[in-house]
Amino acid sequence: MSRAQAESVIKNIIREISQECATKGQAVSETLVAFMVKAVVLDPANEFNVDRTLTKDDVQKLIRLCVERLMDTQSPSLDTVKMQVYFDMNYTTRSDFLEEHRRVLESRLQPVVREITDSRARTREELESLYRKIVSAVLLRSGLGSPTDIAVVREATAALQSVFPQTELGSFMSLIKRDKERQLLELTMIVTGIRLFNKECGKGGEGIDDLPAILNEAVPATTQSVDAEMQRTLRNAFRYTALIEEMHKNRSREGLSMQLLKEALINTRQHQAFLQIILNDVISCAQQVELLENQLAARMEQLQATVQSKTAVPTAQVYPQFIHLAQLWSGFQDEMVLLSVLSNILASLEPFTRGHSELFSDEVLQPYLQNLNILTDDDRTKPVAPEERVNPKDYKAEAREWLLPETTKNFHKIPFQYKGYCAYILAKYDRLLVPANPDIGVMQFRDHYYAFSSQEAAYEFAQNPQEFIQMIAEGAKKSPELIQLLELHTQFSTITPYSQGRDGKMVEKPVTKCDTGTQTDTHFMESNIVKSYEWNEWELRRKAIRLANLRNKITHSMQTNLSNMRRDNAVQVYEPRENETQTKMDGYSNVPKPQVFLAGLRGGGMSEPTVMTKVDLTIDVDQT
């Protein structure tokens, strides 16, 4: 069967399983069904032969088993798989999530921005409408208030007019689309910075939430929620571990299923791992918020010093500060969105742990926990006495090296195999998860590092590591959720992480081979070619004639609508000639210089009227 035919068969099986579960009232995702198909095939109890093509009966059996597992409402194992699928499909790294959030935000703003950049407004009403659209785009991109709030729109319009008055719309319309988008982004950041600064000064800030204060309340609340959920999960894990260890000592507990207890323990340990990831992200949020608050306070002080008691401030000094202020506020918005998503993921993980909590409630377990020593992870990983540690001299073998804290640099950074659980207990007691104590000693075998819970476990595992590793792999076939929890993807090459297998293709590892080719450059050495060199004398003659003809040519230039007022133009004219005239004698004329004296301007007194007398004192030219 070809690869394409195999993929088609798998898709049909997945589709049929999904439809059958839907008819029974259970909606399942294709990713979950795909993983369950692989889990059923891997389980040796189902007796599927992966080396031959499945018959029609095998396919029907596979569909029936998958539906039975997916419809089991009291299966901690199924809850764990669902939890893993949900987390990997909804969680991503901090940088990837913020990048995706900005991409979605930009895609939602594209219709508004496109309406502005494609506008061909000419009349006064159209230009006013365009200006209002720019104000709306600025508000939507900044996220500071609603464009439907009159007070917010007035404040944003006033801030925009101080930077970009309506008289500048003409020059804005003449820009190309890319420059328009760039200018819109810059205007948004400047207006955002102005509004934030006005809010700090108490002269504005309508519709702007106090994000630093909100985050200072939300971060501790989220941390407290994660801690509370972590303590509840660890409490269940400690009790399940103690009960399973007690049952392995030939002290059976009637009414308790060891298989269900182990599945419940795996569920709690997986939940603990996801909670730790969320907690680390919340701590990163707290650190980022603190850093942003310090930068915001420093930027506000610098702005106050720049504009204090000044009637006018150069834009080159104040605009970059407004832009930086907007960038800091955008950081607060990112932390707010990221914290909200982490809270949603935290709340969504809780239903996947509800199954074993109801199955093994406090009332059910309380009779079995009496007189039982329940150890915590801290009790199991506390420092041990020197005689309880591994002595490298006691056991020496090829390909085995023992690492101890005092003899190994960066011991705490060693990536332990099986996520730090005891490899011997995991194999010997069939999928029992017990935290290892690295202080006892770490064994390096084939570039992997194995930690153990006791000295005896370390020595037993070192006798035949390959056998125990194979036993763990066989146990993972029975509980496929261990593949994700313990990161056993290298041992199961056909199983890939959920995040790498979207669209239902996670049941098959992608091919890592491809056709390649190499080519040697013709001139791999740097060439030194003189471009002006010519070997042909006739070519030189043609160039000389062309240069000679250019001497008699006139230079022309022209402009188009796109190039108008965008470049200097030059014209060529003849220089004006110097003209001269000659006469036989000098000729000229003269006129008298008028002189007038006004008398009686001071008046004749209180009783007599004022009489002004004008006296002409002009002298003829002949008398001068």
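Structure: see above.
Residues numbered from 1 in each chain as written. Predicted model: local features only at pLDDT ≥ 70, side-chain atom pairs only at ≥ 80, totals over all residues. Heavy atoms only, no water.

Student: Can you walk me through unusual backbone geometry in this structure?
Tutor: Although it is not a glycine, Arg-446 adopts a positive phi angle of roughly 55 degrees. Here Arg-446 falls in the exposed class, since its relative accessible area comes to 56%. (Buried < 20%, exposed > 50% of the residue type's maximum accessible area, 1.4 Å probe, protein only.)

Student: It is not clear to me how helix H7 (residues 150-163) should be interpreted in this structure. Could you clarify?
Tutor: Helical periodicity: at 3.6 residues per turn, an α-helix aligns residues three or four positions apart in one direction. Look at H7: 20 Å from first C-alpha to last across 14 residues, which is about the 20 Å you get at 1.5 Å a residue. Those residues of H7 that fall on the buried side of the exposure criterion are Val-152, Glu-155, Ala-156, Thr-157, Ala-159, Leu-160 and Val-163. Buried residues in H7 make contact with helix H6 (124-142), helix H9 (177-201) and helix H12 (315-349). Among the residues of H7, the N-terminal cap falls to Asp-149, whose side-chain oxygen and the backbone nitrogen of Ala-151 are separated by 3.2 Å. (Helix = DSSP H or I, 4+ residues; strand = E, 2+ residues; numbered from the N terminus. Expected span 1.5 Å × (residues − 1). Contact = heavy atoms within 4.5 Å. Polar contact = N/O pair within 3.5 Å; in protein donor to acceptor, adjacent residues only side chain to side chain.)

Student: Looking at this structure, how should I read the environment of Pro-392?
Tutor: Looking at the element boundaries, Pro-392 is found in the loop between helix H15 (377-380) and strand S1 (400-403). Taking the relative accessible area as the measure of exposure, Pro-392 reaches 30% and is therefore partly exposed. Counting along the chain gives 11 residues from Pro-392 to Leu-403, while the straight-line C-alpha distance between them is 8.5 Å. Look past the residues within four positions of Pro-392 in its chain and what remains in contact with it is Trp-402 and Leu-404.

Student: Even after reading the chapter, I still don't get the sheet that holds strand S2 (residues 442-445), so can you show me in this structure?
Tutor: Where strands meet in a sheet, backbone hydrogen bonds hold them as pairs that are either parallel or antiparallel. Taken in spatial order, the 3 strands of this open sheet run S1-S2-S3, and their pairing is antiparallel. Strands with a single pairing partner mark the edges of an open sheet, and in this sheet they are S1 and strand S3 (448-451). The sheet shows a mean angle of 30 degrees between the axes of neighbouring strands, taken without regard to direction. Relative to the sheet, helix H17 (residues 455-463) contacts S1, S2 and S3, its axis offset from that of S1 by approximately 160 degrees. (Pairing = 2+ DSSP bridges. Axes fitted to C-alpha atoms, helices over the stretch in contact; angles between N-to-C directions.)

Student: Is there a simple way to think about the packing of helix H2 (residues 30-42) against helix H3 (residues 56-70) in this case?
Tutor: Running from N to C, H2 and H3 point in directions that differ by 115 degrees, and their axes come no closer than 10 Å. The two elements H2 and H3 meet at a crossing, and its hand is right-handed. For the pair H2 and H3, contact is made by Leu-32, Val-33, Met-36, Val-37, Ala-39, Val-40 and Val-41 and by Leu-62, Leu-65, Cys-66, Arg-69 and Leu-70, respectively. A breakdown of the residues in the contact of H2 with H3 according to their chemical character gives 11 nonpolar, no polar and 1 charged. (Left-handed = near helix turned anticlockwise from the far one by under 90°. Nonpolar A, V, L, I, M, F, W, Y, C, P; charged D, E, K, R; others polar.)

Student: Can you walk me through helix H4 (residues 76-90) in this structure?
Tutor: Taking 1.5 Å of rise per residue, the 15 residues of H4 would be expected to cover 21 Å, and the 21 Å separating its terminal C-alpha atoms lies within 8% of that figure. Burial runs high along H4: 11 of the 15 residues are buried. Among the residues of H4, those classed as buried are Pro-76, Ser-77, Leu-78, Asp-79, Thr-80, Val-81, Met-83, Gln-84, Val-85, Phe-87 and Asp-88.

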